[in-house]
Amino acid sequence: MALDGGVILLALASGAVVGLLLAVFGGGGSVLATPALLYVVGVDDPHVAIGTSAAAVAVNAALNLAGHARGGRVKWPCASVFALTGLAGALAGSSLAKQVNGQILLTFFALAMAAIALSMMRRPKDEGDPRVHIDWPITLRLAPTGLATGFAAGFFGIGGGFLIVPGLMAATGMTLANAAASSLLSVALFGAATSSNYAFSGLVDWPVAGLFVLGGLAGGAVGLKAAGLLAGRVLLARRLFATLVLTVAAYVAWKSVVG
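Residues numbered from 1 in each chain as written. Predicted model: local features only at pLDDT ≥ 70, side-chain atom pairs only at ≥ 80, totals over all residues. Heavy atoms only, no water.

A. Inspection of the overall build of the protein at higher detail. Helix and strand counts for the protein come out as ten helices and zero strands. Listing the helices and strands of the protein from first to last along the sequence gives α-α-α-α-α-α-α-α-α-α. For a compact globule of 259 residues, the expected C-alpha radius of gyration is about 18 Å, and the protein comes in at 17 Å, within 12% of that figure. Summarising its shape, the C-alpha atoms of the protein cover approximately 50 × 40 × 30 Å along the three principal directions. Residue burial in the protein is summarised as follows: out of 259 residues, 53% are buried. Averaging the positions of the 14 positive and the 8 negative side-chain charges in the protein gives two centres separated by 11 Å. (Helix = DSSP H or I, 4+ residues; strand = E, 2+ residues; numbered from the N terminus. Rg over C-alpha atoms; globule rule 2.2 N^0.38 Å. Buried < 20%, exposed > 50% of the residue type's maximum accessible area, 1.4 Å probe, protein only. Lys, Arg positive; Asp, Glu negative; His and termini not counted. Charge placed at Lys NZ, Arg CZ, Asp CG, Glu CD.)

Shown next, in the form of structure tokens:
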């Protein structure tokens, strides 16, 4: 699409909001990227919006991952097994999505958004073992969970953090804080695989993706600080954000029907 002053500002602002939400919430934080590109920035093709958002979210997730890694919260062995097995699923899911009609895909996307929002309404459990180490039983639980999660992330063009975080906790017994930080490795790799698949078909708008990433840098920096300030009000913040996601999901569903 043509870049003028308005498009540039909207892409930067949208990227900043998504980067902030990704840093604060991890799971579910990137789900607004595709609707923002479609209905705020003005990308016409749903497939291009999904491919472009996947590229931008992958970069933003990698940058946020670096921040959490410096804090020592990433469980690298567990995160790596989950992410690497999920790559095959992400490639398969994104390949299938490219064959689906754009308006139908948006309907599926709206349903996924609603599921993400409802999952964020629940009170998260923070129990777990901060000293967990990978072993063969954990590996055998991580691999199939990663594969299935990667497929969903690739099909819907989302980071998949809302599935990755509980998947890591269930498979390993790690804490919520460790799972949220470790999930960003999968979000980054799944987004990279999905965007690469879409780019192979010419379905990524790279200039817009670059602007989205630049905005996400600022938003992510603010989000990392906000995450600490919201520590005592995490559940309220998650539920308010989930309400926003549900509202946007209803709008996306309506647009997919009338479009």
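B. The arrangement of the environment of Val208 in detail. Within the secondary structure, Val208 sits in helix α9 (residues 206–229). On a C-alpha basis, the gap between Val208 and Met1 in space is 8.3 Å, while along the polypeptide they are 207 residues apart. What Val208 contacts, discounting residues up to four positions off in sequence, is Met1, Leu3, Leu37, Val41 and Thr52. (Contact = heavy atoms within 4.5 Å.)

C. Focus on the packing of aromatic side chains. Applying the stated criterion across every chain yields a total of five aromatic pairs. Taking 5.1 Å as the distance between ring centres and 85° as the angle between the ring planes, the aromatic pair formed by Tyr39 and Tyr251 counts as edge-to-face. With Tyr39 in helix α2 (residues 33–41) and Tyr251 in helix α10 (residues 234–258), this residue pair connects regions lying 212 residues apart in the sequence. Taking relative accessible area as the criterion, Tyr39 reaches 29% and is therefore assigned partly exposed. With 6.5 Å between their ring centres and 10° between their planes, Phe151 and Phe155 make a pair best called stacked. Separated by four residues within a single helix, Phe151 and Phe155 lie in helix α6 (residues 136–156), roughly one turn from each other. Here a set of aromatic residues connected by ring pairs shows up, and it is made of Phe108, Phe151, Phe155 and Phe156. (Phe/Tyr/Trp six-rings, centres within 6.5 Å; stacked < 30°, edge-to-face > 60°.)

D. Spatial organisation of the pattern of salt bridges. Counted according to the given criterion, the structure contains one salt bridge. A salt bridge links Arg131 to Asp129; its shortest N-O distance comes to 3.6 Å. With relative accessibility at 64%, the residue Arg131 sits in the exposed group. Judged by relative accessible area, Asp129 falls into the partly exposed class, the value being 31%. (Salt bridge = Lys/Arg side-chain N within 4 Å of Asp/Glu carboxyl O.)

E. A nonpolar patch on the surface, seen in detail. Together, Val59, Leu63, Leu214 and Leu217 give the surface a local cluster of nonpolar side chains, amounting to about 330 Å² of exposed area. Residue assignment for the nonpolar patch shows that the elements contributing at least two residues are α3 (46–70) and α9. (Patch = residues over 30% accessible without salt bridge, like charges linked within 9 Å, V, L, I, M, F, W, Y side chains within 5 Å. Areas by Shrake-Rupley, 256 points an atom, 1.4 Å probe, with all protein chains shown as cover.)

F. Structural context of empty space enclosed by the protein. Taken as a whole, this structure holds two cavities of 30 Å³ or more when the rule is applied. Estimates place the volume of the largest cavity at around 70 Å³. Contributions of two or more residues to the lining of the largest cavity are made by α2, α3 and α8 (176–200). Per element, the largest residue contribution to the lining of the largest cavity is three residues, and it comes from α3. (1 Å grid on protein atoms, 1.4 Å probe; cavity = no way out; pocket = protein on both sides within 12 Å on 5 of 7 lines; lining within 4 Å. Points joined across faces, edges and corners; volume = space filled by probe spheres on them.)

G. Focus on the nonpolar core. If you look at the biggest cluster of nonpolar residues, it comprises 74 residues, and the most contacted ones within it are Val31, Leu32 and Met113. Excluding residues within four positions of it along the chain, Leu32 makes contact with Val18, Leu21, Met113, Phe241, Leu244, Val245 and Val248. (Core = buried A, V, L, I, M, F, W, Y, C linked by side-chain atoms within 4.5 Å.)

H. The packing of α3 against helix α5 (residues 102–121), seen in detail. At a closest axis distance of 8 Å, the pairing of α3 and α5 adopts a crossing angle of 50°. One way to sum up the angle between α3 and α5 is to call them oblique. Between α3 and α5, the residues in contact are Pro46, His47 and Ile50 and Gly102, Gln103, Leu105 and Leu106, respectively. Residues belonging to the contact of α3 with α5 are distributed by class as follows: four nonpolar, three polar and no charged. (Axes fitted to C-alpha atoms, helices over the stretch in contact; angles between N-to-C directions. Parallel < 35°, antiparallel > 145°, perpendicular 65-115°, else oblique. Nonpolar A, V, L, I, M, F, W, Y, C, P; charged D, E, K, R; others polar.)

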